[in-house]
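Here's the letter readout for the chains.
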Amino acid sequence: MKNWPLWEVFVRSKNGLEHRHCGSLHASDATMALENARDVYTRRMEGVSIWVVPSKEITASNPDDSAELFDPAKDKAYRHPTFYELPEELKHM
Amino acid sequence: MSEIEMKELEAIFDQKIANDEKIEPKDWMPEKYRKTHIRQISQHAHSEIVGMLPEGNWITRAPSLRRKVALLAKVQDEAGHGLYLYSACETLGVTREELYEQLHSGEAKYSSIFNYPTVTWADMGAIGWLVDGAAIINQVPLTATSFGPYARAMVRVCKEESFHQRQGFEIMMTLASGTQEQKDMAQDALNRWWWPSLMMLGPTDAESVHTEQSMKWKLKRKTNDELRQQFIDQTVPQAELIGLTIPDPNLKWNEETKRYDFGALDWDEFWQVVKGHGPCNKARMDARKNAWSKGEWVRDAAMAYAEKQELKLETA
Ligand SMILES: [Fe+2]
Ligand SMILES: [Fe+2]
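Residues numbered from 1 in each chain as written. Chains lettered and ligands numbered in written order. Predicted model: local features only at pLDDT ≥ 70, side-chain atom pairs only at ≥ 80, totals over all residues. Heavy atoms only, no water.

## A word on the pattern of salt bridges
Scanning the entire structure with this criterion turns up 26 salt bridges over all chains. Residues B:Lys216 and B:Asp14 are paired through a salt bridge, measuring 3.7 Å at the closest nitrogen-oxygen approach. A residue pair is termed long-range when its members are at least 10 positions apart, and B:Lys216 in helix α9 (residues 211-216) and B:Asp14 in helix α1 (residues 3-18) qualify at 202 residues. Here the salt bridges do not stand alone but share partners, grouping A:Arg43, A:Arg44, B:Asp77 and B:Glu160 into one network. (Salt bridge = Lys/Arg side-chain N within 4 Å of Asp/Glu carboxyl O. Helix = DSSP H or I, 4+ residues; strand = E, 2+ residues; numbered from the N terminus.)

## Brief notes about the domain arrangement of chain B
Residues and elements named next belong to chain B. Entries for chain B in the domain assignment read domain 1 (3-266) and domain 2 (279-315). Distance from the C-alpha centre of domain 1 to the C-alpha centre of domain 2: 29 Å. The interface is formed by 13 residues belonging to domain 1 together with 9 residues belonging to domain 2. Across the interface of domain 1 and domain 2, roughly 1100 Å² is buried in total on both sides, 69% from carbon and sulfur atoms. Taken as a group, Leu53, His104 and Asn115 account for 50% of the area that domain 1 buries against domain 2, more than any other trio of residues on that side. Where domain 1 packs against domain 2, one counts 0 salt bridges. Between domain 1 and domain 2 we count 3 residue pairs in polar contact (both at pLDDT 80 or more) in total. Among the elements that line the side of domain 1 that touches domain 2, the one with the most residues is helix α5 (residues 96-105), at 4 residues. Its residues placed into classes, the side of domain 1 that touches domain 2 shows 10 nonpolar, 2 polar and 1 charged. (Domains from an automatic or database assignment. Contact = heavy atoms within 4.5 Å. Buried area = accessible area lost by both parts, 1.4 Å probe. Polar contact = N/O pair within 3.5 Å; in protein donor to acceptor, adjacent residues only side chain to side chain. Nonpolar A, V, L, I, M, F, W, Y, C, P; charged D, E, K, R; others polar.)

## What about the nonpolar core?
Residues and elements named next belong to chain B. Counting residues in hydrophobic clusters, the biggest one holds 91 residues, and the most contacted among them are Met172, Trp193 and Trp194. Examining the composition of this core, we find that 10 residues originate from one element, helix α6 (residues 122-139), more than from any other. Once residues within four sequence positions are removed from consideration, Trp194 is found in contact with Leu130, Phe231, Ile232, Thr235, Ile246, Pro247 and Asp248. (Core = buried A, V, L, I, M, F, W, Y, C linked by side-chain atoms within 4.5 Å. Buried < 20%, exposed > 50% of the residue type's maximum accessible area, 1.4 Å probe, protein only.)

## Points about the coordination of the iron ion (ligand 2)
Residues and elements named next belong to chain B. Each protein donor to the iron ion (ligand 2) is listed here as Glu78 (OE), Asp132 (OD), Glu161 (OE), Glu161 (OE) and His164 (ND1); together their distances run 2.0 to 2.8 Å. Within one chain, the residues donating to the iron ion (ligand 2) are spaced in sequence as E-x53-D-x28-E-x2-H. A separation of 3.4 Å is found between the iron ion (ligand 2) and the iron ion (ligand 1), both of which receive a donor from Glu78. With a gap of 54 residues between them, Glu78 in helix α4 (residues 65-90) and Asp132 in helix α6 connect regions that are remote in the sequence. A residue is classified by how much of its surface remains accessible, and Asp132, at 4% relative accessible area, is buried. (Donors = N, O, S within 2.8 Å, 3.2 Å for Na, K, Ca; no water.)

Okay, here's the thing in structure tokens:
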């Protein structure tokens, strides 16, 4: 019969921090995916909140397009504070 | 792709690894890299899963509640390790079902140490202390390996392993300071597990086929013989501390090299077990195959239920 689909697991380690991807697992539905994620990824208080997302729902950028996507940011030094020349005397800016 | 283009891609790839950059699943990689990683990561996963069987044997018979919860947690961790590793492996484009199939058909190997029986409670001590101890030595360098998902899985695994070794050592220490009968039981377990644990670190360098390539891809940092020496040097004083004797008449501290010299390993036995003729190979495989085939109706029922719920949601 049909195999259990793959889910991606995201865990918030404590309030104030974002959910972070920590791995994947197989489960027949979302409820089971959450339960399995609890057992597989948070056996030692690693989390206070879990998201599970069907892996097939994730659209990922292709590494082949990396240059096109990310290189344009490389020559935009003016987006960083260190680009601007300010007088020595000026502190705390 | 032309051969020259391929060579160029490979050169960029090798350089990336040499610079300590990680390779992620969707990045271009040589076919051999993919295949080698599927093989190594899946065999690692299979070892974690099959490795639950010898210890699972004693959970119901643990001598106290304290020992029972510890052993149960340890075995549950091994299940977790197997799952982290299977999912890291699947990012390379192989399915979980294919991986199980390779294990069940005997095409994929798992660590041959798990083909030895666990005949007394002291074996739980010896396994945690020696087998997990040797596993830690194998695994720590892999936290810096080149394939991102494998390295990340190994970071989690290594964080969890140290409790495994400590609980095992504590069992041995307790038995070794008990009655004569208990002490004998501990010594007997050490006698049986010592040599197989040394073999866990892999064939001698002269016989190891993958070493050079594995070093380049950071699947290995030290050779098998170096790891074995490290394991012996760290374990001998631990045995002395609890009054147990390493079962090797040729074991001797070498003042010059500042290491222990040790006796020859019985590699014939090792290859016999690898080839399937160990005491428990068949029992281990039967247990895995049964779990998979007898669990089929449960997997199907869960899937059927999920599909029904989905349908209800759509029509509601
Ligand atoms: Fe493990
Ligand atoms: Fe372990």
